[in-house]
Structure formats: structure tokens, C-alpha cells
There are 2 protein chains.
Amino acid sequence: MQLSARGRYAVMAMVDLAARAPVRSGASSSVPLAEIALGQRISLAYLEQIFCRLRRAGLVLAVRGPGGGYRLARAPAEIAIIEIIRGSGEPIRTTRCRPGGLPCPGSSPALPGARCRTHALWAALGHEIERFLGSVTLADVLAGHPAIPAAAA
Amino acid sequence: MQLSARGRYAVMAMVDLAARAPVRSGASSSVPLAEIALGQRISLAYLEQIFCRLRRAGLVLAVRGPGGGYRLARAPAEIAIIEIIRGSGEPIRTTRCRPGGLPCPGSSPALPGARCRTHALWAALGHEIERFLGSVTLADVLAGHPAIPAAAA
DNA sequence: TTTTTCCCGACCGTGAAGGTCAAGAATTCA
DNA sequence: TGAATTCTTGACCTTCACGGTCGGGAAAAA
């Protein structure tokens, strides 16, 4: 059970972006990737890949040319962490069962729906993860109390 | 974010073992791995690796020789899924931050505790996953309603 | 003493994660 | 206009851990 670097980097970079944006002079100015790469110690080339996906997911806006960079497409409080992880192309995979009602690899033919006995468990785990990451926003992380909603739940 | 095969196989095999045990004639008889391997379509050699770990974790008991095999060390209701996953040696890794209070790779020196801003988020996610998997037992999965405690929470 | 089963370390191939490179396109400023 | 800056994109490469095999052993029962 592990989170890959891409999803983690994506969230780290978005947090960094959100943190830098308000400091700028202009209200709607953008932050170049080079700055974030430096701050988060992520290679610029790799970060470009990630932001390309985030842009296509509609989470950030790109501005080219001198003085350009990236901006959040929405307010930090309106962006859930799950959106960033999904937007980065990182899948939440808890099963390897085939989709579309096909029988799971380990299922016995006698079982109802040809689902393996553990299928519901993995599905529930996936939902639980998505529920949690959907309940935390960029603003929460920035404010430094992302654990609160989880502990309270 | 994905669960590796080892942890998943471990749980599948334990469920299978728990399901087969009551069917046996003797009350405390054991199930040979070959049977489980066949039922779950997992290679016997790989399954042996996994059960070796589960045994060392104290989750199953091994009996050698003809008529031997494995038995659950405890009642299904007393075995939480998280124990199986931990016992199989699968780590729940949501961060890559260095342990022991060392600064996270991406942390800015100005941040308190030299923790990256997303550290608390990943830690909370890890706790959430462990909480869920700790709330479901082998008996729940066998009974077929492992999703209930999650949905209710 | 043979069979069955667990025990365990060594080994290996593959796929995907993680990361680099290079060429290009849009935009701004001098 | 042209040069600098920054995003855009696809192709490419490298490493490594996962998933899996192999082979020899040891215990226990028949």
C-alpha cells in the first residue's frame, strides 16, 4: 500500500503554488515552475510533466512568456486533495479484479456474481481513501490542520 | 496509491483458509497450502513465502507432515485485516519523509520541525487507512459485509 | 523409509515508476 | 523584429522492487 511519487509531488507542488501566490504583487500573477522546482527539490522537467496533467485536469491555469507561470484555477478551499491526485494521473488501485462484471481471478465459480470474497473489502478501502482525500482541501493543508477532519470522523 | 499483490494475496489466502477450516472433519485439522494455492490461483511457491511471514507474525500455526498444513492461530473474529497486511510484510507507506525527526526532503528551513507542509496530510492518510483495516476482521469478510463499518463511520 | 508437507534462502525477469532530453510554440519586452 | 522567457509535448532512458521460480532441507506421520 503505497502512494507513488507523482501523486505526492503533485500535492506538494500545488501546496507550494498556493502558498506563493498570495505573496505576489499582482493579485492574479503566476508562479513559474522553476521556482516551485527549486523549493520542493523536484526536477523541473518532471514537474513540467506533472503540471501538464494538472492543467488538462482544469486545476491550474498556464500563462506563457516572461512573467508567466501557473496559477490555481480555483480558490484553495475549493480544491480537494483527491482532485489533485486524480488529476496527476495517479490511480487509486486497491484491487486487480477485472472491471465490467468479469469474474475476479481468484473467484470460485460457486460464488455469487463471480466476485472474489475479498472484493467488497478492497472496494470499501478504496472508497474510504477517496472519502478522506476528498474531505481535505488545499486550504486545510495550508492552514496546517489536515488531520483534524480525519481524527474527528 | 496501490496495494501490492503480496498484501492482497495474504488476505485472500487467510480468508480462504478460514473458510475451509470449519468444513474439515477434525475440529483442529489443518489445510495444506496446495489447496489454497489451487483455490486462489496463486503459485504454491509464492504462497509458501507469504505464509512463512504470517506464521512468524503469529497469525497461523504450521503442522508438518502428511495431513499437515496451516491453521488460524486465533478465531476469525479476533484477526483484523491490518494484522494480516502488516504480517505479510507489506508496509503502509504514504510518505517518503525520513523518520527520526530528520527534515523532509522538500521542507523549507523556515518551517517548524523541518517537516514539509504536506507531512501531516500523509500521516493522517496513513492513520485513516490503518484505522479502517483495523476495524474489519476476517470474520467480517467471511460474512460478506466488510463495507458496512466503513460506510457507517 | 517413504511420503507429505512445511521451511527458507538464492535467484531472476519484467514492467512500471521516476526521471531526462530536445524540439517547439506562445507570449512579452526591448 | 528578434530575443528572452516560459509553458508543451513526446520520446527516451535507467533503475529497482515486485512478483515469481527453483532447489535443497527438515520434520512428522504412515
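Everything numeric in this text was worked out from a predicted model, so none of it was measured.

This part is about helix H5 (residues 119-135) of chain A. Helix length check: H5(A), at 17 residues, gives a terminal C-alpha distance of 24 Å against a target of 24 Å (1.5 Å per residue), a fit within 8%. When H5(A) is considered as a whole, its buried residues turn out to be A:His119, A:Leu121, A:Trp122, A:Ala124, A:Leu125, A:Gly126, A:Glu128, A:Ile129, A:Phe132 and A:Leu133.

Turning next to the side chain of B:Ser88. All names here are of chain B. Secondary-structure assignment places Ser 88 in the loop between helix H4 (81-87) and helix H5 (119-135). There is a polar contact of 2.8 Å between the side chain of Ser 88 and the backbone oxygen of Ile 85. Those residues in contact with Ser 88 that lie beyond four places of it in its chain are Arg 6, Gly 7, Ala 10, Arg 53 and Leu 54.

As a further point, take helix H1 (residues 5-20) of chain A. Taking 1.5 Å per residue as the helical rise, H1(A) with its 16 residues ought to reach 22 Å, and the 22 Å between its terminal C-alpha atoms agrees with that figure. The buried count for H1(A) comes to 12 of 16 residues, which makes it a mostly enclosed element.

We now examine the layout of surface pockets. Residue and element names in this part refer to chain B. Empty space within the largest pocket amounts to approximately 290 Å³. As for the largest pocket, its lining consists of 13 residues, of which Leu 33, Ala 62, Val 63, Gly 69 and Tyr 70 are closest to the centre. Taken together, the elements giving at least two residues each to the lining of the largest pocket come down to helix H2 (33-40), helix H3 (44-56), strand S1 (60-63) and strand S2 (69-72). Ranked by residue count, the leading element in the lining of the largest pocket is H3, at four residues. Of the residues contributing to the lining of the largest pocket, the split by class is eight nonpolar, two polar and three charged.

Bringing the protein's contact with DNA strand D into the picture now. The immediate surroundings of DNA strand D are formed by 27 residues, with A:Arg55, A:Tyr70, B:Ala5, B:Ser43 and B:Gln49 found nearest. Within the contact set of DNA strand D, a sugar or linking oxygen lies 3.5 Å away from a backbone nitrogen or oxygen of A:Gly65. Of all the secondary-structure elements, those providing two or more residues to the surface near DNA strand D are helix H3 (44-56), strand S1 (60-63) and strand S2 (69-72) of chain A together with helix H1 (5-20) and H3 of chain B. For the surface near DNA strand D, the leading source of residues is H3(A), giving four residues. Among the residues making up the surface near DNA strand D, the classes are represented as 13 nonpolar, eight polar and six charged.

A separate point is the packing of aromatic side chains. Residue and element names in this part refer to chain B. One pass over the structure, following the stated rule, counts four aromatic pairs over all chains. Ring geometry for Phe 51 versus Tyr 70: centroids 4.9 Å apart, planes at 45°, classification tilted. With a gap of 19 residues between them, Phe 51 in helix H3 and Tyr 70 in strand S2 connect regions that are remote in the sequence. Judged by its relative accessible area of 14%, Tyr 70 falls in the buried class.

In this complex, chain B contributes 43 residues to the contact, which on the side of chain A involves 43 residues. When the area that chain B buries against chain A is broken down by residue, the three leading residues are B:Met1, B:Arg117 and B:Leu121, summing to 19%. Linking chain B with chain A are two salt bridges. Where A:Arg131 meets B:Glu128, a salt bridge forms, and the shortest distance between an N and an O atom there is 2.9 Å.

Attention now goes to the packing of H1(A) against H3(A). A pair of packed helices can be characterised by two numbers: the angle between their axes and the separation between those axes. All names here are of chain A. Running from N to C, H1 and H3 cross one another at 80°; their axes reach a closest spacing of 10 Å. Judged on the interaxial angle alone, H3 and H1 are roughly perpendicular. On the side of H1, the interface is formed by Arg 6, Tyr 9, Ala 10, Ala 13, Met 14 and Leu 17, while H3 contributes Tyr 46, Leu 47, Ile 50, Phe 51, Arg 53 and Leu 54. Of the residues in the contact of H1 with H3, the class split is 10 nonpolar, no polar and two charged.

Moving on, we come to the protein's contact with DNA strand C. In the neighbourhood of DNA strand C, 27 residues make up the surrounding shell, with A:Ser43, A:Gln49, B:Leu33, B:Arg55 and B:Tyr70 lying closest. Take the atoms of DNA strand C that sit within 4 Å of the protein: sugar and phosphate atoms are 67% of them. Interatomic distance of 3.5 Å between a side-chain N/O atom of B:Glu48 and a base nitrogen of DNA strand C. In the model, a phosphate oxygen of DNA strand C is placed 2.3 Å from a nitrogen or oxygen of the B:Tyr70 side chain.

What counts and what doesn't
Residues numbered from 1 in each chain as written. Chains lettered and ligands numbered in written order. Predicted model: local features only at pLDDT ≥ 70, side-chain atom pairs only at ≥ 80, totals over all residues. Heavy atoms only, no water. Helix = DSSP H or I, 4+ residues; strand = E, 2+ residues; numbered from the N terminus. Expected span 1.5 Å × (residues − 1). Buried < 20%, exposed > 50% of the residue type's maximum accessible area, 1.4 Å probe, protein only. Polar contact = N/O pair within 3.5 Å; in protein donor to acceptor, adjacent residues only side chain to side chain. Contact = heavy atoms within 4.5 Å. 1 Å grid on protein atoms, 1.4 Å probe; cavity = no way out; pocket = protein on both sides within 12 Å on 5 of 7 lines; lining within 4 Å. Points joined across faces, edges and corners; volume = space filled by probe spheres on them. Nonpolar A, V, L, I, M, F, W, Y, C, P; charged D, E, K, R; others polar. Near = heavy atom within 4 Å. Phe/Tyr/Trp six-rings, centres within 6.5 Å; stacked < 30°, edge-to-face > 60°. Buried area = accessible area lost by both parts, 1.4 Å probe. Salt bridge = Lys/Arg side-chain N within 4 Å of Asp/Glu carboxyl O. Axes fitted to C-alpha atoms, helices over the stretch in contact; angles between N-to-C directions. Parallel < 35°, antiparallel > 145°, perpendicular 65-115°, else oblique.

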